[in-house]
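Structure at a glance
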Amino acid sequence: MKKRGHNVELMEPLNFLTRTTEELLFFLHRKKTEISCIEQPHRLLTQLRDHDLVPEKLFDNVKKMRSREQKEKGIYEVLDWVEKNKPQYMHQFWRCVFEDHILQLYPTLRTLRNSLLDGTFKFDEKRPDVETPAEEEKSEGKAEKGKEKNYKRKRSKDDRSTEENVDPDLSSASTPSRKKPGKQPPFSSLVKKGDKQEIWKWPIYKTHLPVTCGDKEGTLCRDKMPRGEKCILSQGHWFTLNDFEKFAGKEKCKNWKLSICCRNTPLMKLIEEEHLQCPPMERRKRTCVQKNMNKLFTVSSSESSSEDSETSSSSVEESDAENFQEQGWRGGRTEIRGRVEEEEEDVADLSVFQAPSLPVTCVSLTGTLYKYRFATGIFGKCIRTEEKWFSPEEFVKQEPTLTDGHWKKDILCHGKMLNFLIKKKILCEHLPLCDCQNCSIKKEDLMAQNNDDECYICDSEEADLVCCDECPRAFHSQCHLPAVHGDSPGEWICTFCVFRNSQQWRVSSNMSEQEALDAPVSQYRLHCHYLLLCVYREDIQKVFVEDPRQTVPRYSEFISQPMWLDRIKQKLESGEYQTVRAFVSDFQLIFSNCRTFNRDNVFGRMGARLKKMFEEEFKKIFSIQ
């Protein structure tokens, strides 16, 4: 029998939280600025507030902020407050920040988590603030003589606040930038010409840059831009550079290099200084359209040659604007508008994917995908059927009509491929080096994925769970019927599987309803256990489980003979029922009392649905025609 302890956290892929509190506090100290730059931080703030890590007053102050600069400054103040006032709760803080539903919204936080997982963040580096003033003065005297007096004065200003963080990767102790006083927060939107702290040079922006166009904000993926792909993420969907300009209402500019900026600096400047690479596909497209335009307009050979030389030397951007306009005349504008509208429709439809579990299909197969279990195609058994848990690749292989299926394309959710859910960050693929339990190849972790993480009866994961060896169900020992006591040797099979197996070898013989009711409970105890477990399972809100006189006011004034499920369970296990009729009559008493007390309100309708399910299951298990 497999028994899963409560201390096994299947939903917690954060083994790196074995780090000490001091190390995690240092990690927060280094990454406050980076976290403060995330877009739409409300969900993260709500998560911290709900876990009592941020005071309500501070939460309300940030919630009232409207501009991006205000929000970035507010988030930084929140994180600084946590660092100063909640250092003992660092493990809880990072657990909240790195929960799956938070990581799906914020790529920056996924990058931070990965830096802990793959060891790229170094905890053993020397921290600037551990030196004494005497040591600082001595080291500065060795590094740069003649500037000691000026530097000492600037340090005295910085020491008044612990809010200033300088990443050691950005500068070293011997560079002038280290000495520069940083009264302005690093998330200021104004970048001065010649400033040595341009954010596109910072290591934290090595792969992504914040960009704006008009009133639209987005994140530029630096790796995708040279390939001519959709490289700007804004409001949940990806744009090409031209499309983002359109989306921002700046199509009249006809030049994304000037209209799209990074901290008020046009992308043209970053391309000229070789901080960004221009998409090669656009250059080829410009050449092609230019040739077409030369064919459309009649010009002399001399004019043509001079025009070609001018274009090659100084009119690249003008030709780009003309080409864009020409494409608009030929229907390009309609196509771009169509793509934007299509992506906006996708965003509108994303609400159906917000649930923690999603229905999936693969041709004739059906199952339920649980987001928190998803890791990759191979790892993470995240799709549950009635018979088993499967990884996405295993699920596809169960479909007999697919000989060469691929899980990203062949598994559908609400009509969308899983590849679409991954692109929209609804599902988060784990890195190859991930060492969470979903990606683990340890025998005990793989076995744990074969069963549910919650009790099949009460939907709670508290306390130990006993796992069935034939189906994916798991139970609390007292929720199952009969109750499971202690560790049993060998395999253990739940009542649902035992009943299903017994129906396969039992000789089918139809019974009348009277014969079933008059049958002794001793011969049909398995049927009674199965029936009672089905009702427990169906009573999702646990309305009929406990004595209603203890929870419902004035119940005794209207109901003289109360009955509830726990009472039926007690009578069944103690042998008080002699016949199936007596067992069934107590269920009918529950339904009758419910109808009398609640009539046609929500609880009355709930009781009617439970009564219908009970009667159908009763006829099915006793083969009543």
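Quick caveat, the model's predicted, so the values are computed rather than measured.

With that out of the way, let us pick up the packing of aromatic side chains. Under the criterion given, the structure shown has 25 aromatic pairs. Ring centres 4.9 Å apart and planes at 80° place the aromatic pair Phe93 and Trp94 in the edge-to-face group. Each member of the pair, Phe93 as well as Trp94, carries the same accessibility label: buried. Each residue in the set Tyr524, Tyr577, Phe583, Phe587, Phe591, Phe614, Phe618 and Phe622 is aromatic and connected to the rest through ring pairs, giving one cluster. In this structure, Arg373 packs its charged tip against the face of Trp389, placed 3.8 Å from the ring centre. Lying across the ring of Tyr456, Arg537 places its NZ or CZ 4.0 Å from the centre.

This part takes up the confidence of the model for the chain. Model confidence for the chain is summarised by a mean pLDDT of 76, while 71% of its residues fall at 70 or above. Across residues 6-14, confidence stays below pLDDT 50; counting only partners more than four residues off in sequence or on other chains, it has 21 contacts. Across residues 281-348, confidence stays below pLDDT 50; counting only partners more than four residues off in sequence or on other chains, it has 57 contacts.

In the contact formed by helix α1 (residues 21-36) and helix α5 (residues 90-97), the axes pass within 9 Å of each other and the chain directions differ by 45°. Between α1 and α5, the angle is such that the two are oblique. Handedness of the α1/α5 crossing: left-handed. Within the contact between the two elements, α1 uses Thr21, Leu24, Leu25, Phe27, Leu28 and Ile35 and α5 uses Met90, His91, Phe93 and Trp94. Residue composition of the contact of α1 with α5, by class: 8 nonpolar, 2 polar and no charged.

Another aspect to go through is α5. Because the α-helix completes a turn every 3.6 residues, residues three or four places apart line up on one side. Burial runs high along α5: 6 of the 8 residues are buried. Within α5, the full set of buried residues consists of Met90, His91, Phe93, Trp94, Cys96 and Val97.

Right, let's talk about the state of the cysteines for a bit. One pass over the structure, following the stated rule, counts 0 disulfides. Not part of a disulfide, Cys262 finds its nearest cysteine sulfur in Cys261, a span of 8.8 Å. Exposure remark for Cys262: the relative accessible area of 0% places this residue in the buried category. Free cysteine Cys434: the closest other cysteine sulfur is in Cys436, separated by 3.4 Å. Among the residues examined, Cys434 registers a relative accessible area of 8% and is labelled buried.

Turning to helix α4 (residues 68-85), a few remarks are in order. Taking 1.5 Å per residue as the helical rise, α4 with its 18 residues ought to reach 26 Å, and the 26 Å between its terminal C-alpha atoms agrees with that figure. Those residues of α4 that fall on the buried side of the exposure criterion are Arg68, Glu72, Gly74, Ile75, Tyr76, Val78, Leu79, Asp80, Val82 and Glu83. Contact partners of the buried residues in α4: α1, α2 (42-50), α3 (56-63), α5, β2 (208-213) and β3 (216-221).

Throughout the structure, instances matching the rule amount to 18 salt bridges. The residue Glu615 makes a salt bridge to Lys611 at a minimum N-O spacing of 2.6 Å. In this pair, Glu615 and Lys611 are both assigned in helix α28 (residues 602-621), 4 residues apart and thus about one turn of the helix distant. What makes Glu615 partly exposed here is its relative accessible area of 30%. A relative accessible area of 24% places Lys611 in the partly exposed class. Several salt bridges share partner residues, and in doing so they unite Lys32, Asp80, Glu83 and Lys84 into one network.

Moving on to the pairing of strand β9 (residues 365-370). The alternating pattern of β9 places Leu365, Gly367 and Leu369 on a buried face and Thr366, Thr368 and Tyr370 on a face that is not buried. As paired strands, strand β8 (residues 357-362) and β9 are joined by 6 bridges and run antiparallel to one another. Residue pairing in the sheet places Thr361 in a bridge with Thr366 of β9. Linking β8 back to β9 in an antiparallel pair, the connection comprises 2 residues, with Val363 at a positive phi of about 60°. Bridge count between β9 and strand β10 (residues 383-384): 2 bridges; the pairing is antiparallel. Residue pairing in the sheet places Thr368 in a bridge with Arg384 of β10.

Turning our eyes to something else, we now look at the environment of Asp52. Structurally, Asp52 is set in the loop between α2 and α3. A residue is classified by how much of its surface remains accessible, and Asp52, at 58% relative accessible area, is exposed. Taking the C-alpha atoms as reference points, Asp52 and Phe93, 41 residues apart in sequence, are found 9.7 Å from one another.

Right, let's get into a nonpolar patch on the surface. A cluster of nonpolar side chains, contributed by Ile378, Phe379, Ile441 and Leu446, occupies part of the molecular surface with about 380 Å² of accessible area. Take Ile441: its relative accessible area is 65%, and that puts it in the exposed class.

Cis geometry is adopted by the peptide bond preceding Pro482, which originates at Leu481 and carries an omega value of -5°. When you line up the elements, Pro482 lands in the loop between β15 (474-475) and α22 (495-505). For Arg554, which is not glycine, the phi torsion reads 60° and is therefore positive. Structurally, Arg554 is set in the loop between α24 (525-538) and α25 (555-558). What makes Arg554 exposed here is its relative accessible area of 54%.

This next bit is on the packing of α24 against helix α26 (residues 565-573). Contact geometry of α24 with α26 gives a least axis separation of 11 Å together with a crossing angle of 165°. Classified by the interaxial angle, the pair formed by α24 and α26 is roughly antiparallel. Considering how the two elements wind past one another, α24 and α26 form a crossing that is left-handed. Mapping the contact onto sequence places Arg525, Cys528, His529, Leu532, Val535 and Tyr536 in α24 and Leu565, Asp566, Ile568, Lys569, Leu572 and Glu573 in α26. Partitioned by chemical class, the residues of the contact of α24 with α26 number 7 nonpolar, 1 polar and 4 charged.

Cut-offs used in this document
Residues numbered from 1 in each chain as written. Predicted model: local features only at pLDDT ≥ 70, side-chain atom pairs only at ≥ 80, totals over all residues. Heavy atoms only, no water. Phe/Tyr/Trp six-rings, centres within 6.5 Å; stacked < 30°, edge-to-face > 60°. Buried < 20%, exposed > 50% of the residue type's maximum accessible area, 1.4 Å probe, protein only. Lys NZ or Arg CZ within 6 Å of the ring centre and 35° of its normal. pLDDT = per-residue confidence, 0-100. Contact = heavy atoms within 4.5 Å. Axes fitted to C-alpha atoms, helices over the stretch in contact; angles between N-to-C directions. Helix = DSSP H or I, 4+ residues; strand = E, 2+ residues; numbered from the N terminus. Parallel < 35°, antiparallel > 145°, perpendicular 65-115°, else oblique. Left-handed = near helix turned anticlockwise from the far one by under 90°. Nonpolar A, V, L, I, M, F, W, Y, C, P; charged D, E, K, R; others polar. Disulfide = S-S within 2.5 Å. Expected span 1.5 Å × (residues − 1). Salt bridge = Lys/Arg side-chain N within 4 Å of Asp/Glu carboxyl O. Pairing = 2+ DSSP bridges. Patch = residues over 30% accessible without salt bridge, like charges linked within 9 Å, V, L, I, M, F, W, Y side chains within 5 Å. Areas by Shrake-Rupley, 256 points an atom, 1.4 Å probe, with all protein chains shown as cover.

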